[in-house]
Amino acid sequence: MKDPREVIIRPIISEHSYDMMEDNCYTFEVAKTANKVEIAQAIEAIFNVKVVKVNTLNVKAKPKRVRYQLGKTRTWKKAMVTIKEGDSIELFAS
């Protein structure tokens, strides 16, 4: 198994992710090579919660421009992790 800190890169903080927290669904940026099983094991190891479901998606690059220079944003992988009812991740608690 990979190191859990290499699988989970950072939490995603947005209005949509905060709305999903009411349904015990938390959003993270994860390594591109990580699969759903590795993501679930990493979340359980880091936060001591029980993972019920993991949904993943690859976020594609968007075109960006700075003055005359054209470029793109980076591609990355997002995971929406649903945890067991009653558990919570204190990282997001306010």
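Everything here concerns the structure above.
Definitions and cut-offs
- Residues numbered from 1 in each chain as written.
- Predicted model: local features only at pLDDT ≥ 70, side-chain atom pairs only at ≥ 80, totals over all residues.
- Heavy atoms only, no water.
- Pairing = 2+ DSSP bridges.
- Helix = DSSP H or I, 4+ residues; strand = E, 2+ residues; numbered from the N terminus.
- Axes fitted to C-alpha atoms, helices over the stretch in contact; angles between N-to-C directions.
- Contact = heavy atoms within 4.5 Å.
- Salt bridge = Lys/Arg side-chain N within 4 Å of Asp/Glu carboxyl O.
- Buried < 20%, exposed > 50% of the residue type's maximum accessible area, 1.4 Å probe, protein only.

So, about the sheet that holds strand 3 (residues 51-59). The strand order across the open sheet formed by four strands is 1-2-6-3, and the pairing between neighbours is antiparallel. The sheet is open, and its two borders are formed by strand 1 (8-11) and strand 3, each paired with just one other strand. Recorded for the sheet is a direction-independent mean angle of 30° between the axes of neighbouring strands. Judged from the three bridges that link them, strand 1 and strand 2 (residues 25-30) form a sheet pairing that is antiparallel. What sits directly across from isoleucine 8, in strand 2, is valine 30. Contacts from helix 3 (residues 36-47) reach strand 1, strand 2, strand 3 and strand 6 (76-83), with the element oriented near 120° to strand 3.

Let's shift gears to the pattern of salt bridges. A side chain with one charge may pair with a side chain of the opposite charge, provided their charged atoms come close. Throughout the structure, instances matching the rule amount to four salt bridges. For arginine 10, the salt bridge identified is with glutamate 29, shortest N-O distance 2.5 Å. Taken together, the positions of arginine 10 in strand 1 and glutamate 29 in strand 2 put the pair 19 residues apart, joining distant regions of the chain. Overall, arginine 10 belongs to the partly exposed group, its relative accessible area being 35%. Here glutamate 29 falls in the buried class, since its relative accessible area comes to 4%. Here glutamate 29 makes a salt bridge to arginine 74, at a shortest N to O gap of 3.0 Å. Placement of the pair is glutamate 29 in strand 2 and arginine 74 in the loop between strand 5 (69-72) and strand 6, with a sequence separation of 45 residues.

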